[in-house]
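Next come the chains, spelled out residue by residue.
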4 protein chains.
Amino acid sequence: MNTYILLLQCKDQKGIVARVSDFIFKSTGNIITLDQYSSNPRGGYFFMRVEFIADDKECNTGKLEERLNKVAGYFKAKARLYEKGVPLSMGILASKPDHCLAEILYLYKRGELGVNIPFVISNFEGHGRLVEQHNLPFYFIPANKSNRREKEIISLAKGSADFLALARYMLVLSPHFIQSFGKDIINIHHGLLPSFKGKNPYQQALDRGVKVIGATSHFVTAGLDTGPIIAQAVEEISHKDDLRTLLLKGRNLEKRALSDALRAYIEHRVFRFKDKTVIF
Amino acid sequence: MNTYILLLQCKDQKGIVARVSDFIFKSTGNIITLDQYSSNPRGGYFFMRVEFIADDKECNTGKLEERLNKVAGYFKAKARLYEKGVPLSMGILASKPDHCLAEILYLYKRGELGVNIPFVISNFEGHGRLVEQHNLPFYFIPANKSNRREKEIISLAKGSADFLALARYMLVLSPHFIQSFGKDIINIHHGLLPSFKGKNPYQQALDRGVKVIGATSHFVTAGLDTGPIIAQAVEEISHKDDLRTLLLKGRNLEKRALSDALRAYIEHRVFRFKDKTVIF
Amino acid sequence: MNTYILLLQCKDQKGIVARVSDFIFKSTGNIITLDQYSSNPRGGYFFMRVEFIADDKECNTGKLEERLNKVAGYFKAKARLYEKGVPLSMGILASKPDHCLAEILYLYKRGELGVNIPFVISNFEGHGRLVEQHNLPFYFIPANKSNRREKEIISLAKGSADFLALARYMLVLSPHFIQSFGKDIINIHHGLLPSFKGKNPYQQALDRGVKVIGATSHFVTAGLDTGPIIAQAVEEISHKDDLRTLLLKGRNLEKRALSDALRAYIEHRVFRFKDKTVIF
Amino acid sequence: MNTYILLLQCKDQKGIVARVSDFIFKSTGNIITLDQYSSNPRGGYFFMRVEFIADDKECNTGKLEERLNKVAGYFKAKARLYEKGVPLSMGILASKPDHCLAEILYLYKRGELGVNIPFVISNFEGHGRLVEQHNLPFYFIPANKSNRREKEIISLAKGSADFLALARYMLVLSPHFIQSFGKDIINIHHGLLPSFKGKNPYQQALDRGVKVIGATSHFVTAGLDTGPIIAQAVEEISHKDDLRTLLLKGRNLEKRALSDALRAYIEHRVFRFKDKTVIF
């Protein structure tokens, strides 16, 4: 008995749910959850995520994929099939601030983040001890603004990671890096995008006198802090807050937004579509 | 071109989504949104809400219902079909506090609450003016603890209301009333249930020294404040709050929780199941 | 027995609290609440709000002010004294959207907003009925982009209003208006500033794919939507939200942020300082 | 130049702020923040917290305390004086669940929790490694329901800890323990008190079908989960949540409520008064 996760996206058209659920039924599967969204019922884009149990021995992943591809082809849809419980490989990049890194590693150790972690790369050597306490490979690559050493990072990441998590990685990745890696990269920005892009967002928030701060987890694209948003976390502040307390509150927000985003991604609940996301 | 909303609930079993979506497809319908939930994938209870457009002239409600009943019968399911935009009739009962009543009437006037309001019944005569400003029938029934005058209320409500909204109605409805009315009754309780049942929940909250207060909208059952919860709203408080400010904050919470619950109910997004609700 | 509210702001220096509380003590007053904030303990700016009861017949407002001015003079402070319960006059400007206007009038009627309302001015004639139901003067001034008719508004407002509330007034007030009126003007912006300034903030939020929306109440300054922020309210959204549901949620946020800001202002809990506010 | 924190509580009476701030002024101190609260301006209880810089060499803690005691004596007040930056000693008790323990140790390591930790006591031996990675003394005391081994814990704690933090300690402390330790004990309860006292609060929340869950940090008293509440954290849930996801969300809430409460306590911002707290 396996559980499968099926993702499908295409132009909206009649009969998609019927055909897909019929395919599952005929594969002797039982739907556990089905989420579906259409950006516009009259001619928009369609997204579907189905989790189903297949209790027949015939239903191996290969056969299912073959049949699924036929259905997808019919609708000119992009479809993927995942076996639930087969973890993705999440490479991690982190600079000196360690709160997001520590949170991820803690969740990983607890089994609350169902991933493999092929490596942690950092331009801060001091993280080695923390990473090695978790029996994970640590690579110190002293990248900085004048030498981003992206080639080394790519060569480590490309073969081993299904996606990257930037757990407060303070160097902007070049468009070349993004293209060359070719898979999803998830960042945490310590501001409530689209407010306060770029440097020192908490200082910016303080200067503007806002009463709410936030953190944003998003896909990395070539534009700075403009990629599709996956999760945001917010908290009220007051005039009493200074930079120290904003940073303190902010670290909690960053941990929450990043771990929410990673959990959604890992559970295959995230669709990217143009500049936005659909999160089931 | 009509939009229909289909609700179905039954014991979980294989092929429900397939069969229902096939029925919609064969009725030339196009699914706009499909929500589905199973309380336990291995032998629980199954809930489904489908919104679909039917663009064929054949697809009148009568025919659809006939075909739907066949599908439902196959799964021993309870199924209902609504034409979107056909409003329910919501009878309102309110005592002296008027914030929930005023909120509902405002939303009604704005067209943000898609209902008909066949009547507002109150044991506070002063609400007459507000109700009549909205061109709605007002009935002053001076019910009180020693004479609840439920017979009169039932006789007004039974024929004309699909469900009742208690917009801060301060008398407990008797089990006989509930049974005799026989349809859903939605209440707003000014406390965060299951904490602070019964009288003066804000005073109770103050006495206990909580740091969060809330309001709860729920279905009325024979037990006091124990019916299935539909919506809750919360807000942080501090030692600075006294009864006056709790009441002030509370009124906003009550308006939010009640209007969220009513909106969900009116849009056919609420399933009752035993002591709980499923809200799509 | 009167209750007084004392506001004082100046450069931070030693002994302010001591001297002010001594002044109150010697005026036979008893401090109920004292709030105080220093933007930087080593050489910043100092803000204080004291609420005190004066139970002596000698302590009339005139005498208190005289003595207070001596204290303030000593610190080169700006000080004000208010008798609690003496309401400010709040002029209202509103365009067609009526949710904020209706909320304010409801709170006013309930006695939850301790102000006088000398007038409601609107460029939408239809609000007349609502305003007159509250026995308040209504002025229809058909201002629009090509003719803002600010002269008429000023001539109505200047003598009668202590401050203005813009309850969704859709025309930008000119710097000349702001200067000529010379008192505080509080606006509600339907976006989470500094994100989404200007037009159609909910559409902007939708386009950007944010997961949190908000509303901002702020003082009006010559810059568009850049004045000191008084209150912000936020709510989570998802991909399921479309413009209609954003507007719906947004209206609630606007009502909350505006009424929070007005209540704070009316209770003399708001200090303006450069581009920011201190809210006790 | 030292910063001092002064706490004072007594029956409300005239002139307290004046006299205390005068005492600070005459001690050549400068008030940084002053918070004050009266439970009832006409005859309630009065609480004050003042943070002040004393820049004179004369102003050592001993002399200040002496003078302060005179002021306090005058008002029959309970007064305490702390030198800011002198950390309290926080003993930790934890059972098997490690999320709160790990959070506290992480914050401690980061310097975000200004305490000394004289010991971590656990009835789960496996925590030894984590604690020792932080160079802190770990004591494995295999307490259980039939043998709580409180004597051993007291003998460790009494001399070395200013207060205790129960970071998910699953055994109820006896009234004898509480009395014998004689200092504050702060607990984290994994439910939104007063709802869901005692065992398995998340299962209780699930059974009741609530739409909001929470965690509560409170002082331990002889009654089960009835002590004065310091902090609460809440999060919305839906029918989709099952016990696993409630536990996941709950762990975050527990970490937030406990670390908020500990931070407030450590910064001397918490007053206990009867069954409640005043948190500045």
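Keep in mind that this is a model prediction, so the values were computed, not measured. (Residues numbered from 1 in each chain as written. Chains lettered and ligands numbered in written order. Predicted model: local features only at pLDDT ≥ 70, side-chain atom pairs only at ≥ 80, totals over all residues. Heavy atoms only, no water.)

### A few points about the overall build of chain A
Next up, step 1: Secondary structure summary: chain A contains eight helices and 14 strands in total.
Next up, step 2: Here chain A has a C-alpha radius of gyration of 21 Å; the compact-globule value for 280 residues is 19 Å, and the two agree.
Next up, step 3: Taken along the three principal axes of its C-alpha coordinates, chain A extends 60 × 40 × 35 Å.
Next up, step 4: Burial statistics for chain A: of 280 residues in total, 57% are counted as buried.
Next up, step 5: A sequence separation of at least 24 residues applies to 65% of the contacts in chain A between residues at least 6 apart.
Next up, step 6: Element-wise, carbon and sulfur atoms account for 49% of the exposed surface of chain A, whose accessible area totals about 11,500 Å². (Helix = DSSP H or I, 4+ residues; strand = E, 2+ residues; numbered from the N terminus. Rg over C-alpha atoms; globule rule 2.2 N^0.38 Å. Buried < 20%, exposed > 50% of the residue type's maximum accessible area, 1.4 Å probe, protein only. Contact = heavy atoms within 4.5 Å. Areas by Shrake-Rupley, 256 points an atom, 1.4 Å probe, with all protein chains shown as cover.)

### Digging into helix H2 (residues 61–75) of chain D
Next up, step 1: Compared with an ideal rise of 1.5 Å per residue, which puts 15 residues at 21 Å, H2(D) spans 21 Å between its outermost C-alpha atoms and is within 8% of the ideal.
Next up, step 2: Two residues or fewer past H2(D), Lys76(D) is found with a positive phi of approximately 50 degrees. (Expected span 1.5 Å × (residues − 1).)

### Side note on the domain arrangement of chain A
Residues and elements named next belong to chain A.
Next up, step 1: Here the domain parsing of chain A yields domain 1 (2–83) and domain 2 (88–279).
Next up, step 2: Inter-centroid distance (C-alpha atoms) of domain 1 to domain 2 is 31 Å.
Next up, step 3: Listed as interface residues are eleven residues of domain 1 and, on the opposing side, seven residues of domain 2.
Next up, step 4: Where domain 1 abuts domain 2, roughly 820 Å² becomes buried across the two surfaces, and 77% of that area is made up of carbon and sulfur atoms.
Next up, step 5: Scanning the region where domain 1 abuts domain 2 turns up zero salt bridges.
Next up, step 6: For the interface between domain 1 and domain 2, the tally reads two residue pairs in polar contact (both at pLDDT 80 or more).
Next up, step 7: Within the residue set of the side of domain 1 that touches domain 2, elements represented by two or more residues are strand E1 (2–11), strand E3 (45–54) and strand E4 (78–83).
Next up, step 8: For the side of domain 1 that touches domain 2, the residue count by class is eight nonpolar, one polar and two charged. (Domains from an automatic or database assignment. Buried area = accessible area lost by both parts, 1.4 Å probe. Salt bridge = Lys/Arg side-chain N within 4 Å of Asp/Glu carboxyl O. Polar contact = N/O pair within 3.5 Å; in protein donor to acceptor, adjacent residues only side chain to side chain. Nonpolar A, V, L, I, M, F, W, Y, C, P; charged D, E, K, R; others polar.)

### Notes on the relation of the copies chain A and chain C
Next up, step 1: For the match of chain A to chain C, the screw axis carries a shift of 0.0 Å, the RMSD comes to 0.0 Å, and the turn is 180 degrees. Expressed as an axis order, the relation between the two copies is that of a two-fold axis. No C-alpha of chain A lies nearer the rotation axis than that of Ser195(A), which sits 2.5 Å from it.
Next up, step 2: A shared binding surface is used by both copies, with 100% of the interface residues of chain A retained as interface residues in chain C. (Least-squares fit on C-alpha atoms with pLDDT ≥ 70 in both.)

### Some points on the relation of the copies chain C and chain D
Next up, step 1: Once chain C has been moved 0.0 Å along the axis and rotated by 180 degrees, it coincides with chain D to within an RMSD of 0.0 Å.
Next up, step 2: Looking at chain C, 100% of its interface residues are interface residues in chain D too, so the copies touch through the same face.

### Observations concerning the side chain of His189(A)
Next up, step 1: Relative to the helices and strands, His189(A) resides in strand E10 (residues 185–189).
Next up, step 2: Leave out the neighbours within four places in its chain, and His189(A) touches Phe196(A), Lys197(A), Gly198(A), Pro201(A), Ala215(A), Thr216(A), His218(A) and Asp225(A).

### Concerning a negative patch on the surface
Next up, step 1: A contiguous patch of negative charge on the surface is contributed by Glu236(A), Glu236(B), Asp260(C) and Asp260(D).
Next up, step 2: Residue placement: Asp260(C) occurs in helix H8 (residues 243–266). (Patch = residues over 30% accessible without salt bridge, like charges linked within 9 Å, V, L, I, M, F, W, Y side chains within 5 Å. Lys, Arg positive; Asp, Glu negative; His and termini not counted. Charge placed at Lys NZ, Arg CZ, Asp CG, Glu CD.)

### Notes on the interface of chain A and chain C
Next up, step 1: Across the contact, 29 residues belong to chain A and 29 residues belong to chain C.
Next up, step 2: In total, about 2,400 Å² of surface goes out of reach between chain A and chain C, with carbon and sulfur atoms giving 57% of it.
Next up, step 3: Sorting the residues of chain A by area buried against chain C places Arg208(A), Lys211(A) and His239(A) first, and these three jointly supply 30% of that buried surface.
Next up, step 4: For the pair chain A and chain C, the interface holds zero salt bridges.

### Quick notes on the packing of aromatic side chains
Next up, step 1: A full pass over the atoms with the stated rule returns 44 aromatic pairs over all chains.
Next up, step 2: Judged by centre distance (5.6 Å) and plane angle (55 degrees), the ring pair of Tyr45(B) and Phe47(B) falls under tilted.
Next up, step 3: For Phe47(B), a relative accessible area of 1% translates into the label buried.
Next up, step 4: A connected cluster of aromatic rings, assembled from ring pairs, spans Tyr37(A), Tyr45(A), Phe47(A), Phe271(A), Phe273(A) and Phe280(A).
Next up, step 5: The ring centre of Phe219(C) lies 4.4 Å from the NZ or CZ of Arg272(C), which sits over that ring. (Phe/Tyr/Trp six-rings, centres within 6.5 Å; stacked < 30°, edge-to-face > 60°. Lys NZ or Arg CZ within 6 Å of the ring centre and 35° of its normal.)

### Quick notes on the interface of chain C and chain D
Next up, step 1: Listed by partner, the interface residues are 23 residues for chain C and 23 residues for chain D.
Next up, step 2: Interface area for chain C against chain D, summed over the two sides, is near 2,000 Å², with a carbon-plus-sulfur share of 55%.
Next up, step 3: Together, Lys14(C), Asn30(C) and Gln36(C) form the three largest contributors to the area buried by chain C at its contact with chain D, with a combined 26%.
Next up, step 4: At the boundary of chain C with chain D, the tally comes to seven residue pairs in polar contact (both at pLDDT 80 or more).
Next up, step 5: Elements represented by at least two residues in the side of chain C that touches chain D include exactly helix H1 (16–26) and strand E2 (29–38) of chain C.

### Description of helix H1 (residues 16–26) of chain D
Next up, step 1: Every buried residue of H1(D) is listed here: Ile16(D), Val17(D), Ala18(D), Val20(D), Ser21(D), Phe23(D) and Ile24(D).
Next up, step 2: Residues of H1(D) that are buried in the fold lie against H1 and E2 of chain C together with strand E1 (2–11), strand E2 (29–38), strand E3 (45–54) and H2 of chain D.
Next up, step 3: The positive-phi residue at the C-terminal boundary of H1(D) is Thr28(D), with phi of around 60 degrees.

### Topic: the nonpolar core
Next up, step 1: Within the largest apolar cluster, 98 residues are counted, with the highest numbers of intra-cluster contacts made by Met90(B), Ile92(B), Leu262(B), Met90(C), Ile92(C) and Leu262(C).
Next up, step 2: The residues contacting Ile92(C), other than those within four sequence positions of it, are Leu101(C), Ile104(C), Leu105(C), Ile117(C), Phe119(C), Val120(C), Ile121(C), Ala165(C) and Ala167(C).
Next up, step 3: Counting residues in each nonpolar core, the second largest holds 97 residues, with Phe138(A), Leu262(A), Leu136(D) and Ala165(D) among its members. (Core = buried A, V, L, I, M, F, W, Y, C linked by side-chain atoms within 4.5 Å.)

### Some points on unusual backbone geometry
Next up, step 1: The residue after Leu193(C), namely Pro194(C), is reached through a cis peptide bond having omega 5 degrees.
Next up, step 2: Along the polypeptide, Pro194(C) turns up in the loop between strand E10 (185–189) and helix H7 (201–208).
Next up, step 3: Of note, the phi angle at Lys76(D) is positive, near 50 degrees, even though the residue is not glycine.
Next up, step 4: Mapped onto the secondary structure, Lys76(D) falls in the loop between H2 and strand E4 (78–83).
Next up, step 5: Taking the relative accessible area as the measure of exposure, Lys76(D) reaches 77% and is therefore exposed.
Next up, step 6: Backbone geometry places Asp225(D), a non-glycine residue, at a positive phi of 55 degrees.
Next up, step 7: With respect to the element layout, Asp225(D) can be found in the loop between strand E11 (212–219) and strand E12 (229–236).

### Re the packing of helix H3 (residues 99–110) of chain C against H8(C)
Residues and elements named next belong to chain C.
Next up, step 1: Axis separation between H3 and H8 bottoms out at 9 Å; the angle between their running directions is 45 degrees. The orientation of H3 with respect to H8, classified from their angle, is oblique. As H3 runs across H8, the sense of the crossing is right-handed. On H8, the residues that touch His99, Cys100, Glu103, Ile104 and Leu107 of H3 are Arg251, Glu254, Lys255, Leu258, Ser259, Leu262 and Arg263.
Next up, step 2: Class assignment of the residues belonging to the contact of H3 with H8 gives a composition of five nonpolar, two polar and five charged. (Axes fitted to C-alpha atoms, helices over the stretch in contact; angles between N-to-C directions. Parallel < 35°, antiparallel > 145°, perpendicular 65-115°, else oblique. Left-handed = near helix turned anticlockwise from the far one by under 90°.)

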